[in-house]
Amino acid sequence: MVAQQSIEILVTAKESLVLEALAQADAPYSQRAQALLAVDAGSTIEQAARVANLKVTQVRYWIGRFKNGRLGVFPDWLIEEMDASVQAASPKPKKKKEKAKKKKEKAKKTKAKAAGAKKTDKKGA
């Protein structure tokens, strides 16, 4: 019986999103991404090989390549394509809208205070 080997590769959140998108792409890239995601999720190399329909030696090879080159092990055009699809699918940050809204509210309050001060000046005169 062969001992099952588990390896930790520590995929970042962004890498995970790109790998998940790659896992839906065409083989062989999808198989490699599936294997990396499986290992990162805690599967053994043997389990990852079964999930991705690869040989154990292939999974070991791609883990090594990924540890050294990260997402650079995939073709640039494919990473750019996946990056674009991940960005399109992710919700846009609301910070700019929130800042603009707060700025408008502050401007309204300032105008209201200024208008109130003018009314007070007219009453006192």
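Further up the page is the structure itself.
A. Representation of the overall build of the protein chain within the structure. In terms of helices and strands, the protein chain carries six helices and zero strands. Seen in sequence order, the protein chain has helices and strands lined up from the N terminus as α-α-α-α-α-α. Buried positions account for 31% of the 125 residues belonging to the protein chain. Taking as baseline every contact in the protein chain between residues at least 6 positions apart, the subset at least 24 positions apart corresponds to 62%. About 9,300 Å² of surface is accessible on the protein chain, with carbon and sulfur atoms providing 56% of the total.

B. Spotlight on the packing of helix 1 (residues 13-23) against helix 5 (residues 76-89). Interhelical geometry of helix 1 versus helix 5 gives an angle of 105° and a closest axis separation of 9 Å. On the basis of the axis angle, helix 1 is roughly perpendicular to helix 5. Residue-level inspection shows Lys-14, Leu-17, Val-18, Ala-21 and Leu-22 of helix 1 in contact with helix 5, the latter providing Leu-78, Ile-79, Met-82, Asp-83, Ser-85 and Val-86. When the residues that make up the contact of helix 1 with helix 5 are grouped by side-chain class, the tally is eight nonpolar, one polar and two charged.

C. Spatial organisation of unusual backbone geometry. Residue Pro-28 is bonded to the preceding Ala-27 through a cis peptide linkage, with omega at 5°. Here Pro-28 shows up in the loop between helix 1 and helix 2 (29-40). With a phi angle near 60°, Asn-53 is a residue other than glycine that sits in the positive phi range. Along the chain, Asn-53 falls in the loop between helix 3 (45-52) and helix 4 (56-69). With a relative accessible area of 63%, Asn-53 lands in the exposed category. The phi angle at Arg-70 is positive, at roughly 50°, despite the residue not being glycine.

D. Highlighting the pattern of salt bridges. Counted by the stated rule, this structure contains two salt bridges. The partner of Arg-70 in a salt bridge is Glu-15, and the shortest N-O contact between them spans 2.7 Å. With Arg-70 in the loop between helix 4 and helix 5 and Glu-15 in helix 1, this pair connects stretches of sequence that are 55 residues apart.

E. Expanded view of the nonpolar core. In this structure, Val-18, Leu-19, Leu-22, Val-59, Phe-66, Leu-71 and Phe-74 are the most contacted members of the largest nonpolar core, which totals 28 residues. Of all elements in the fold, only helix 1, helix 2, helix 3, helix 4 and helix 5 reach the threshold of two or more residues within this core. Top contributing element to this core by residue count: helix 2, with six residues. Ignoring any residue separated from it by four or fewer positions in sequence, one finds Val-59 in contact with Ala-35, Val-39, Ile-45, Ala-48, Ala-49 and Leu-54.

About the thresholds
Residues numbered from 1 in each chain as written. Predicted model: local features only at pLDDT ≥ 70, side-chain atom pairs only at ≥ 80, totals over all residues. Heavy atoms only, no water. Helix = DSSP H or I, 4+ residues; strand = E, 2+ residues; numbered from the N terminus. Buried < 20%, exposed > 50% of the residue type's maximum accessible area, 1.4 Å probe, protein only. Contact = heavy atoms within 4.5 Å. Areas by Shrake-Rupley, 256 points an atom, 1.4 Å probe, with all protein chains shown as cover. Axes fitted to C-alpha atoms, helices over the stretch in contact; angles between N-to-C directions. Parallel < 35°, antiparallel > 145°, perpendicular 65-115°, else oblique. Nonpolar A, V, L, I, M, F, W, Y, C, P; charged D, E, K, R; others polar. Salt bridge = Lys/Arg side-chain N within 4 Å of Asp/Glu carboxyl O. Core = buried A, V, L, I, M, F, W, Y, C linked by side-chain atoms within 4.5 Å.

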